[in-house]
Amino acid sequence: MFTFKPMSLMGSVIEMWLNLLSLNHNFFMLIMNLVRGKAVMPDKDSATFISFIWNMDKRIKLDSDIKPGDGCRYYSTLSMMASKASYENRAYIENIVKDHWKMEYLGFYDYWNDYQEKATTQLFFLRDRSDDHDTIVVAFRGTEPFNADAWCSDLYYSNDPSWYELPDMGKIHGGFMKALGLQKNVGWPLEYKENKNRKEPLAYYHIRDKLKALLSESEKTKYIVTGHSLGGALAILFPAILFFHEEKLLLKRLEGIYTYGQPRVGDEKFGKYMEKKLEERKSRYFRVVYSNDMVPRLPYDDKDLLFKHFGTCLYYNRHYQGKVVPELPNKNYFSTLLAIPMMINAVFELIRSFSICYSKGPEYKEG
């Protein structure tokens, strides 16, 4: 697409500028450092370079009041921060995991997309291990603001009437299947088919094999899968292919799936199939949605596109008050009647972003 390079260039310029300001503390210090020849210049591959997303929210600490024994609270907190960290470069993620969270960094990976003929999917692994618990986190990167490849997977295939159908399971979003590692002209065979044109491995097969190796080290090791936006879609589709391949070990050790701002991934039949299978395995699936976020309301749930959400939806309003809901308010986002209330809500969200550190405490500071 002709938009790929302009979007990428614009994103690079914005991120470089934000990091230039951050490394030199502020605009005035930057000018002074430039005059003195002491300006600190950003390095995109360094542990000090942060993405556009992290620049919007620089909070890095895990909640010290939440411990591994706290169950879903622990898993959801760890998942949330891992999903956010997944947008960063290798060096920054490794620094966060090892130096700030005091956990094991197990690697960051790029994965090939047979249909776009390039690496478009990224994730990292971490491990939180002590004498009384052992949890591996698989965190998929989501849709980057200036990554046209990711938006292509989200939007182009959302409007493409073609589905990918798995026998007895239902129909699934074609773009997400391709990002997860669907093999061109082959589909989802149990084993990886070698292709000399691939410069990176396919996501599903590499993740599966790496998890098998890690889980074989200890019978008490479990894992969770997480992701934000596009990453959330890939997080819930990974166990879907495990079910398709009947990967008993991996399904037995799957503690849960935690997604944030996840789009719809399949039709009603697929949703019912997944709910049944996850219930049989006692694997928890929580889908967290914030207020008027557009992405969880796409692709449309209507008589034409037929997409349906499934799983437990935790909906949070702008006051961060959460509740379990059977269906999102304004489920397809675009509504003439709700346009003005949504704009008003956005204004109050902006005011809250500046005031929350005073009303809730400095640890809530955004941006």
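Computed from a prediction, not measured in an experiment: that's the story for all the values here.

### Quick look at helix 9 (residues 230-245)
Thinking step 1. Helix length check: helix 9, at 16 residues, gives a terminal C-alpha distance of 23 Å against a target of 22 Å (1.5 Å per residue), a fit within 8%.
Thinking step 2. Among the 16 residues in helix 9, 15 count as buried, and that is most of the element.
Thinking step 3. Just downstream of helix 9, E246 is the residue with a positive phi angle, here 55°.

### Some points on the pairing of strand 3 (residues 134-140)
Thinking step 1. For strand 3, the tally of buried residues reaches seven of seven residues, placing the bulk of the element in the interior.
Thinking step 2. Residues D134, I136, V138 and F140 point to one face of strand 3 and T135, V137 and A139 to the other, with burial holding for every one of them.
Thinking step 3. In the sheet, strand 2 (residues 118-129) pairs with strand 3 via seven bridges, with the strands oriented antiparallel. Pairing of R129 across the sheet is with D134, part of strand 3.
Thinking step 4. Counting the residues between successive antiparallel strands, the hairpin from strand 2 to strand 3 contains four residues.

### Some words on the sheet that holds strand 3
Note: strands within a sheet are paired through backbone hydrogen bonds, in either parallel or antiparallel orientation.
Thinking step 1. On the basis of which strands lie adjacent, the open sheet formed by eight strands has the order 1-2-3-6-7-9-11-12 and mixed pairing. Edge positions in the sheet fall to strand 1 (104-113) and strand 12 (322-325), since each has one partner strand and no second. Each neighbouring strand pair of the sheet contributes to a mean axis angle of 20°, computed without reference to strand direction.
Thinking step 2. The pairing of strand 9 (residues 284-290) with strand 11 (residues 312-316) spans five bridges and is parallel. By the bridge assignment, Y290 is partnered in strand 11 with Y316.
Thinking step 3. This element, helix 4 (residues 72-85), spans strand 2, strand 3, strand 6 (222-228), strand 7 (254-260) and strand 9 of the sheet and lies at about 50° to strand 7.

### Looking at the packing of aromatic side chains
Thinking step 1. Applying the stated criterion across every chain yields a total of 19 aromatic pairs.
Thinking step 2. A ring pair is formed by Y109 and Y111, whose centres lie 6.2 Å apart and whose planes are at 25°; its orientation type is stacked.
Thinking step 3. Looking at Y109, the relative accessible area reads 22%, which means it is partly exposed.
Thinking step 4. Among the aromatic side chains, those forming a connected cluster through ring pairs are W188, Y192, Y204, Y205 and F238.
Thinking step 5. Sitting over the face of the ring of F125, K210 holds its NZ or CZ atom 5.4 Å from the ring centroid.

Reading the values: the criteria
Residues numbered from 1 in each chain as written. Predicted model: local features only at pLDDT ≥ 70, side-chain atom pairs only at ≥ 80, totals over all residues. Heavy atoms only, no water. Helix = DSSP H or I, 4+ residues; strand = E, 2+ residues; numbered from the N terminus. Expected span 1.5 Å × (residues − 1). Buried < 20%, exposed > 50% of the residue type's maximum accessible area, 1.4 Å probe, protein only. Pairing = 2+ DSSP bridges. Axes fitted to C-alpha atoms, helices over the stretch in contact; angles between N-to-C directions. Contact = heavy atoms within 4.5 Å. Phe/Tyr/Trp six-rings, centres within 6.5 Å; stacked < 30°, edge-to-face > 60°. Lys NZ or Arg CZ within 6 Å of the ring centre and 35° of its normal.

Geometry only, nothing functional implied.
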